[in-house]
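Fold and geometry: a report
So the chains spell out like this:
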There are 2 protein chains.
Amino acid sequence: VGVFGFAITYHISNHIEKGSATIKVFDKAGHILESLKNDGTHPLHSREYCISGRVKVVGSARDLYDECDLVVLAVPGQGLREVVRENGTHFPENVVLLSLIKSLEKGTGYRMSQIVAEELPANLDYSYVQLSGGMFAEDILKSYPLGASIACKEIEVAKKLSREIFSHRIHIFPTTDVAGVEYAGALKNIVAILGGICNGLGYSIGSETFLISQAAREIESFAISRGASSETFSMDSPAWGNDLWMTCFGNSRNRSFGQLVGQGMEPGKALEKMIAENRLVEGYYTLQTFHNLVKDDLEQYPMISTLHEIVYGSESPTSGIDSIMKKL
Amino acid sequence: VGVFGFAITYHISNHIEKGSATIKVFDKAGHILESLKNDGTHPLHSREYCISGRVKVVGSARDLYDECDLVVLAVPGQGLREVVRENGTHFPENVVLLSLIKSLEKGTGYRMSQIVAEELPANLDYSYVQLSGGMFAEDILKSYPLGASIACKEIEVAKKLSREIFSHRIHIFPTTDVAGVEYAGALKNIVAILGGICNGLGYSIGSETFLISQAAREIESFAISRGASSETFSMDSPAWGNDLWMTCFGNSRNRSFGQLVGQGMEPGKALEKMIAENRLVEGYYTLQTFHNLVKDDLEQYPMISTLHEIVYGSESPTSGIDSIMKKL
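First things first, this report covers the structure right here in the doc. (Residues numbered from 1 in each chain as written. Chains lettered and ligands numbered in written order. Predicted model: local features only at pLDDT ≥ 70, side-chain atom pairs only at ≥ 80, totals over all residues. Heavy atoms only, no water.)

1. What to know about the packing of aromatic side chains
All names here are of chain A.
- For the structure on display, the rule yields 28 aromatic pairs over all chains.
- Taken together, a centroid distance of 5.1 Å and an interplanar angle of 75 degrees make the contact between tyrosine 183 and phenylalanine 222 edge-to-face. Taken together, the residues span a long stretch of sequence, with tyrosine 183 in helix α7 (residues 178-200) and phenylalanine 222 in helix α8 (residues 205-225) at a distance of 39 residues.
- Looking at tyrosine 183, the relative accessible area reads 4%, which means it is buried. (Phe/Tyr/Trp six-rings, centres within 6.5 Å; stacked < 30°, edge-to-face > 60°. Helix = DSSP H or I, 4+ residues; strand = E, 2+ residues; numbered from the N terminus. Buried < 20%, exposed > 50% of the residue type's maximum accessible area, 1.4 Å probe, protein only.)

Listed below in structure tokens is the structure:
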């Protein structure tokens, strides 16, 4: 479990009644597994957050799946295909898969649920659930008030999970719109880059909120064209309005990258700088993935197209934003 | 003209073709009038922004209305009734009134357009236009990219104004939803107080964006119950999504007031402190006005009701937010 998976494990294990279920965790990184085994803490979180006594740490991924109802997928998006391929044959019949991953696969542009569908044995019955909202791992550990969307084609599964594993400090919005919640979680990062560019150019917060809200509409219309529901893309949807604005104004790597570009740094150099600081700019890659997905309809996405021209092409931030204002 | 009225005058006078119209301004404050007359600058703005040569400064309000097509209303909301009462009889037939005011009248809860309708001579034909968006006065002077909604029952009037008096740097969304745009501009300030409280309590940005987005939904449902359109309350509406998030995260007096309350300061003391710093907390008064408007349906507005209990009653911020999380 990574930092986010650990936080969710901590929340669930504190919330569900003791003895009502067995929670097992595994991590293939030896030092994380050791720390979890030794004292129930995670090396990347404060030692005050401890899961021992309530959670069983297992020594291999296969040990997770005996008498198992729920598997939480908390791996990097680009690694999911391999994980499902390696583990899927061990998943029990009627398993519920709860994905915490906000990502689209590079190259294919696949959502995580599409990868799972492709890689699981064809005869396995399962329910896919996507969790997504504006929640940093630490906020969950601290029990701050938060919201999240939970999407599952079988709405009763989503509702059951929200009742059983989350406390009232994480308010859960159940929905059947899996595709919408997945697109929302992955694509918000692109918008945060545009906001950062606007800020880096020295424009004020009113410019930033205007451009963010307009670019968000392009993402929404893309997702709807792929079958998402407009409700998922409303302002009060945790997977969208909440997560989008948190990403745009929180301590966001995507915004920082945009700020550097807005300040005049060449995008490749800005990315190198972020990488050197060990700060992954997911939106940078998602922007390319999105661009591939819509390459035949670019004129329907004038803002994101212009953003792509700024980040991957030769458009300057100033003239890019001005051209956006003229195109709107 | 105040700081905002001056900025709009500057924008319009720079944008419209020279000689195509006469723009007149007046201010009843002697020192502002003198400054405008002397060198076309406003005492509260940088002297680089000058309207001389393009704008005629007149010595009394009545001098404004000869051969006049458009009157811009840029006075404090609580003073509008008196201004219209004193000046309305001099307005020419078929005048267009463009209001820049974001406010509800204390006591009555009236929107500005309702005050105008009540105070203008009954036989005067006029069009009422409401401008509202996420724009600080200085951003307009600096020609930053911005967005605004323009509402008028006669959509052609709104469209004509957006073509003729605004440059492409202020992207205008015309709509017929006058009531919605008025409610949006006035009521967003309430939500910013809640966001500030959340921040003052030490919760993270994800908590803040979650509570803001949920409280915003209560305002939206109130406005819709009063005839506003849901489009006006979408995220990409400049009068709502844009202005709301700018107010919540910009240099906002409402948020600052909320932060003080969240940090444990008694609300009356927090207000005194803000007043002593000459920072008007509009949302404080609007919260009371809103509470009066919905006092028979309080259970439909659990978040704003709880906020009212925190600010005007005896609820503590911590237990107030917790009770919101349980009620959601």
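The rest of the description comes next.
2. Focus: the relation of the copies chain B and chain A
- For the match of chain B to chain A, the screw axis carries a shift of 0.0 Å, the RMSD comes to 0.0 Å, and the turn is 180 degrees. In short, the pair behaves as if placed about a two-fold rotation axis. Rotation axis and chain B: the residue whose C-alpha lies nearest the axis is methionine 235 of chain B, separated from it by 2.8 Å. (Least-squares fit on C-alpha atoms with pLDDT ≥ 70 in both.)

3. Structural notes on the interface of chain B and chain A
- Across the boundary between the two partners, chain B contributes 39 residues, which contact 39 residues of chain A.
- Between chain B and chain A, roughly 3500 Å² of surface is buried when both sides are summed, and carbon and sulfur atoms account for 67% of that area.
- For chain B, the biggest contributors to the area lost against chain A are Pro145, Met235 and Met325 of chain B; these three give 19% of the whole.
- Run the count over chain B and chain A and you get 4 salt bridges.
- Taking the shortest distance from any N to any O, the salt bridge between arginine 169 of chain B and aspartate 322 of chain A comes out at 2.6 Å.
- Our count for the chain B to chain A interface comes out at 18 residue pairs in polar contact (both at pLDDT 80 or more). (Contact = heavy atoms within 4.5 Å. Buried area = accessible area lost by both parts, 1.4 Å probe. Salt bridge = Lys/Arg side-chain N within 4 Å of Asp/Glu carboxyl O. Polar contact = N/O pair within 3.5 Å; in protein donor to acceptor, adjacent residues only side chain to side chain.)

4. Concerning the side chain of asparagine 254 of chain A
Residues and elements named next belong to chain A.
- Position of asparagine 254 relative to the elements: it lies in helix α10 (residues 253-262).
- Overall, asparagine 254 belongs to the buried group, its relative accessible area being 4%.
- Here asparagine 254 is in contact with Asn189, Ala192, Ile193, Thr247, Val281, Glu282, Gly283 and Tyr284, once residues within four sequence places are set aside.

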